[in-house]
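Descriptive structure summary
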Amino acid sequence: MSEVFDEDGRAEMLILLGPGGTPIEIFERKKDGTILPVGCDRLVEMKKGAKLISETFGPIVEAARTGTDEQRMRGLVEDAVQKTKEATNQSSANKRDSENRSP
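Our subject in this report is the structure included herewith. (Residues numbered from 1 in each chain as written. Predicted model: local features only at pLDDT ≥ 70, side-chain atom pairs only at ≥ 80, totals over all residues. Heavy atoms only, no water.)

1. A short note on the nonpolar core
As a reminder, the rule being used: In these notes, a set of buried Ala, Val, Leu, Ile, Met, Phe, Trp, Tyr and Cys residues joined through side-chain atoms within 4.5 Å is what counts as a nonpolar core. Each residue gets one of three labels from its accessible area relative to the maximum for its type: buried under 20%, exposed over 50%, partly exposed in between, using a 1.4 Å probe on protein chains only. Working rule for contacts: check all heavy atoms of both residues, and any pair within 4.5 Å makes them a contact.
By size, the foremost hydrophobic cluster in this structure holds five residues: M13, I15, I26, V38 and L43. Ignoring sequence-local partners within four residues, the contact set of I15 consists of M1, S2, V4, P23, E25 and I26.

2. With respect to helix α1 (residues 40-66)
To keep things clear, this is the line we draw: By the criteria applied, helices consist of DSSP H or I runs no shorter than four residues and strands consist of E runs no shorter than two, each listed in order from the N terminus. Multiply 1.5 Å by the residue count of a helix minus one, and that product is the helix's expected span. One axis fitted to the seven residues ending at a residue, another fitted to the seven starting there: the angle between these axes is the bend at that residue.
With 27 residues, α1 ought to run about 39 Å at 1.5 Å a step, and its terminal C-alpha atoms sit 38 Å apart, in line with that. Where α1 bends most, at F57, the angle is about 40 degrees, and the proline P59 comes one to four residues later. Inspection of α1 places L43, T56, I60 and A63 among the buried residues, and these make up the whole buried set. Directly after α1, the chain includes G67, whose backbone phi takes a positive value near 80 degrees.

3. A look at the pairing of strand β1 (residues 2-5)
Inclusion rule: Between any two strands, at least two bridges found by DSSP are needed for them to pair.
Pairing geometry for β1 and strand β2 (residues 11-17), over four bridges, is antiparallel. Across the sheet, residue S2 finds its bridge partner in β2, namely I15. Once β1 ends, the chain turns through five residues before running back antiparallel as β2, passing G9 with a positive phi of about 85 degrees.

4. A look at the pattern of salt bridges
Operational definition: We define a salt bridge as a contact between a side-chain nitrogen of Lys or Arg and a carboxyl oxygen of Asp or Glu at a distance within 4 Å.
All told, the structure shown has seven salt bridges when counted by the stated rule. For R10, the salt bridge goes to D6, with nearest N and O atoms at 3.3 Å. Overall, R10 belongs to the partly exposed group, its relative accessible area being 22%. Take D6: its relative accessible area is 10%, and that puts it in the buried class. The salt bridge partner of E45 is K48, with a shortest N-O separation of 3.7 Å. Linking E45 with K48, this pair stays in helix α1, spanning three residues, or about one helical turn.

Here it is, written out as structure tokens:
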């Protein structure tokens, strides 16, 4: 399990993690203390975000842990920046498509 805290130090989100640290369920804690699961669409988006982070920054962390050379590290960082840009562009396109389909 993982928690996300707001700027006041209040746990605003509880994340249940599955094998490999993948989120399997996410709950939002309201200011009144009520804990509710996030909606399906939001859960899917958050899972995609977690997967992107793992795939993008995992190689950088592993390379730093094992002591890779500076040139290889720069290449990994450049790849991470590119993947992040592509994911952002895709997410924006999906959002526009979704908004255009709404009645």
